[in-house]
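What follows is each chain in one-letter form.
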Amino acid sequence: MQKRIALLMFTILTFTLFASAQASPPASASCDLGGGKTIETHYSSPRLKGRKMIGEHDPYGQVWRNGANAATTFVTSTDLVVGGKDVPAGNYTLFVLPNPDKWTLIINKKTGEWGIPYKYESDELVRVDMKLSKLPSPVENFTIAYDKTTSGCTLREDWDTTRATVDISAK
């Protein structure tokens, strides 16, 4: 009996340590638009680890899954305007098409997939241009966040020395 308990404890500890040491741990971001209207994003956050990712490991001009592991989810409880384009309430997947001068956010109706290789063009809802800016110092962990604005929020993606943003508001 004690051996079984010890084995069970060892197994639980091993899984706990494995989950906490993942190369690209799970992360999430959310925006409260007021009145019970919300946006939630769930993704896995890869690390640079001395690599140049966007533009080298993940080449420019190729769709990227906007994180690591399973594709990034985007769930909105209300109709939105994202970068000037209408997005109905629902569950979506986010991808991005990075280029040196601009990133394009892809909101896709296909959910539950791994994400890459990208073969979901027929399921795209919208593509919107993201504004790029240079960060003063490199960001090691890919990060998705929402910054509150007077009209809604700004989706912000930071990695290495790049910041990509797009404005979002409730419709």
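Structural notes, computed from the coordinates. Predicted model only: the values in this text are computed from it and were never measured.

As for the side chain of D160
Move 1: Here D160 is to be found in strand β9 (residues 153-170).
Move 2: Not counting chain neighbours up to four residues away, the residues in contact with D160 comprise L48, K52, L135, S137, P138 and V139.

A look at the pairing of β9
Move 1: The buried count for β9 comes to 15 of 18 residues, which makes it a mostly enclosed element.
Move 2: By the bridge criterion, 11 bridges tie strand β8 (residues 124-148) to β9 in an arrangement that is antiparallel. Note on β9: the bridge partner recorded for K131 is T165.

Here's the deal with the packing of aromatic side chains
Move 1: This structure, assessed with the given rule, holds seven aromatic pairs.
Move 2: For the ring pair W64 and W159, a centre distance of 5.6 Å and an interplane angle of 15° mean the geometry is stacked. Note that W64 is positioned in the loop between β2 (37-44) and β3 (72-76) and W159 in strand β9, a separation of 95 residues in sequence. Here W64 and W159 have matching classes, each one buried.

Re the environment of P59
Move 1: Among the secondary structure elements, P59 is positioned in the loop between β2 and β3.
Move 2: By relative accessible area, P59 is classed as partly exposed at 32%.
Move 3: The spacing of P59 and L97 is 38 residues in sequence and 9.6 Å in space, taken between C-alpha atoms.

Quick notes on the nonpolar core
Move 1: Membership of the largest hydrophobic core comes to 30 residues, with the highest contact counts inside it found for I39, V82, L105, Y146 and I168.
Move 2: Taken together, the elements giving at least two residues each to this core come down to β1 (26-34), β2, β4 (80-82), β6 (90-98), β7 (103-108), β8 and β9.
Move 3: Filtering out sequence-adjacent residues up to four positions away, I39 remains in contact with A29, S30, C31, L33, F74, V75, T76, L80, Y146, C153 and I168.
Move 4: One finds A71, F95, L97 and Y118 within the second-largest nonpolar core, a separate group that totals six residues.

Quick look at the environment of K49
Move 1: For K49, the location among the structural elements is in the loop between β2 and β3.
Move 2: Taking the C-alpha atoms as reference points, K49 and N141, 92 residues apart in sequence, are found 9.1 Å from one another.

Re the sheet that holds β4
Move 1: Spatial ordering of the open sheet is given by β1-β2-β3-β6-β7-β8-β9-β4-β5, a layout of nine strands whose pairing is antiparallel. Each end of this open sheet is capped by a strand with a single partner; those strands are β1 and β5 (85-87). On average, each strand axis in the sheet is inclined to that of its neighbour by 35°, with strand direction left out of account.
Move 2: Sheet topology places β4 next to β9; three bridges connect them, and they run antiparallel.

Conventions and cut-offs
Residues numbered from 1 in each chain as written. Predicted model: local features only at pLDDT ≥ 70, side-chain atom pairs only at ≥ 80, totals over all residues. Heavy atoms only, no water. Helix = DSSP H or I, 4+ residues; strand = E, 2+ residues; numbered from the N terminus. Contact = heavy atoms within 4.5 Å. Buried < 20%, exposed > 50% of the residue type's maximum accessible area, 1.4 Å probe, protein only. Pairing = 2+ DSSP bridges. Phe/Tyr/Trp six-rings, centres within 6.5 Å; stacked < 30°, edge-to-face > 60°. Core = buried A, V, L, I, M, F, W, Y, C linked by side-chain atoms within 4.5 Å. Axes fitted to C-alpha atoms, helices over the stretch in contact; angles between N-to-C directions.

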